[in-house]
Amino acid sequence: MKIVHIADVHLGATNKKLSMPLQKSLKLENANRLKYVFDYAKKINAEAIIISGDLFHSKNPSNQLVKFFVDILSSCQIPVFYVKGNHDEEFIFSDNFKNLNFKVFDKDFSSFELGENVVIGGQSGNQLDLPSLNQNKFNIVLLHGDIHSKGNDCIDISLCKNKNINYLALGHIHTFEQGKLDLKGEYVYPGCLTGNGFDECGEKGLVVIETQSSTIQFVPIQGKCFVIKRVDITGFKDYDDLDLKIQKALKNYDGDFIRIELIGQYEEEQDKYLGFLSNKYSNIYPYFEIVDKSKIKLDAEKLKKEILSFKAEFLRLVCDDKSLSEEEKNEICRLGISALRGDDL
């Protein structure tokens, strides 16, 4: 039996750092990916779809989003099992869902049999009270929370061990993760369905569970994604040289949301042409930004000799300030030297 697992769809989520057209584009991308999941499940003859929380980004999604999901369910003959997440735990599934093949797990543990050999159970929240399940069945349990933290959204994974769980279907962490639960079971975070910022880079997709062979497969979904590429600018000569380094880093990343992080060292007199480069690549990619993490190459011995140099004294004061992080020191030095040179800040 094949079962499709997704989580953290976050229908309605926005990234306010993006322009309105790009926000709408990401929302549409997310909706299309959700529909793709259901189409894919039909294609592989899956017996069920399980969603481990945060279907909606808030407890008050728009009527349009709710209708969109109801329409998907209405056209799908596959049973769907859902456990509420921290974003939509207060959302009330209205009468629109009652006649659909859609099961919601709430704060008390419950389970459903799927065929003769598979049981799907779940519980929302983190006050877990899981029973020992039938060891002769393939048991899937849906939960939403972080097994690695001790915050409000944490799950004590030790409460899930030795309960005859074959597959612990988790949500909340937005990257794919798989690990051993106990001698019998595995836990899996499928990750979010669509990245919504540079803290959600990498491939996004779904997981296919094959209960008979106990295999787990992550299936990427093609589409827009957020990409961070680090470019070492140490030793660059001029604009063309720097531009070539960025071109090499961006090879095969057409159509994505791009962040270039400049690292390495540069001479204090060198211009990095950040404005020109940002304008060039902003016309190529839907979203492009440069984050400068490079550091000024300081000659300590040379600075010591510049006894009456205001610049040397300024740099020494900044570098000796223990209250500043390395990033802050670098940015202050960069801005200070630019100001001393009379550059437009």
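The structure we're discussing is the one just above.
So, here's what we can say about the structure. Please read all numbers here as calculations on a predicted model, not as lab measurements.

Two elements in contact, helix H1 (residues 20-43) and helix H2 (residues 63-74), have axes separated by 11 Å at closest approach and are oriented at 15°. One way to sum up the angle between H1 and H2 is to call them roughly parallel. Crossing geometry of H1 relative to H2 is assigned as right-handed. Mapping the contact onto sequence places Ala31, Leu34, Lys35 and Phe38 in H1 and Phe68, Phe69, Ile72 and Leu73 in H2. Partitioning the contact of H1 with H2 into residue classes produces 7 nonpolar, no polar and 1 charged.

How two aromatic rings sit relative to each other is given by the distance of their centres and the angle of their planes. Taken as a whole, this structure holds 16 aromatic pairs when the rule is applied. An angle of 55° between the planes, with centres 5.0 Å apart, marks the rings of Phe56 and Phe91 as tilted. In this pair, Phe56 sits in the loop between strand E2 (48-52) and H2 while Phe91 sits in the loop between strand E3 (80-83) and strand E4 (102-105), placing the two residues 35 residues apart along the sequence. For the pair formed by Phe56 and Phe91, the shared burial category is buried. Taken together, the aromatic side chains of Phe38, Phe56, Phe69, Tyr82, Phe91 and Phe102 make up a single cluster linked through ring pairs.

This next bit is on the nonpolar core. If you look at the biggest cluster of nonpolar residues, it comprises 34 residues, and the most contacted ones within it are Val4, Leu34 and Phe69. Residues contacting Phe69, with those up to four places away along its chain left out, are Leu34, Phe38, Ile51, Leu55, Phe56, Phe97 and Phe102. Counting 22 residues, the second largest nonpolar core, distinct from the first, contains Ile233, Tyr281, Ile290 and Leu315.

Mapped onto the elements, Pro61 comes out in the loop between E2 and H2. Contact partners of Pro61, with chain neighbours within four places excluded, come to Phe56, Val66 and Phe91.

Tallied over the full model, the rule gives 0 disulfides. With no disulfide of its own, Cys154 lies 11 Å from the sulfur of Cys160, the closest cysteine sulfur.

Analysis parameters
- Residues numbered from 1 in each chain as written.
- Predicted model: local features only at pLDDT ≥ 70, side-chain atom pairs only at ≥ 80, totals over all residues.
- Heavy atoms only, no water.
- Axes fitted to C-alpha atoms, helices over the stretch in contact; angles between N-to-C directions.
- Helix = DSSP H or I, 4+ residues; strand = E, 2+ residues; numbered from the N terminus.
- Parallel < 35°, antiparallel > 145°, perpendicular 65-115°, else oblique.
- Left-handed = near helix turned anticlockwise from the far one by under 90°.
- Contact = heavy atoms within 4.5 Å.
- Nonpolar A, V, L, I, M, F, W, Y, C, P; charged D, E, K, R; others polar.
- Phe/Tyr/Trp six-rings, centres within 6.5 Å; stacked < 30°, edge-to-face > 60°.
- Buried < 20%, exposed > 50% of the residue type's maximum accessible area, 1.4 Å probe, protein only.
- Core = buried A, V, L, I, M, F, W, Y, C linked by side-chain atoms within 4.5 Å.
- Disulfide = S-S within 2.5 Å.

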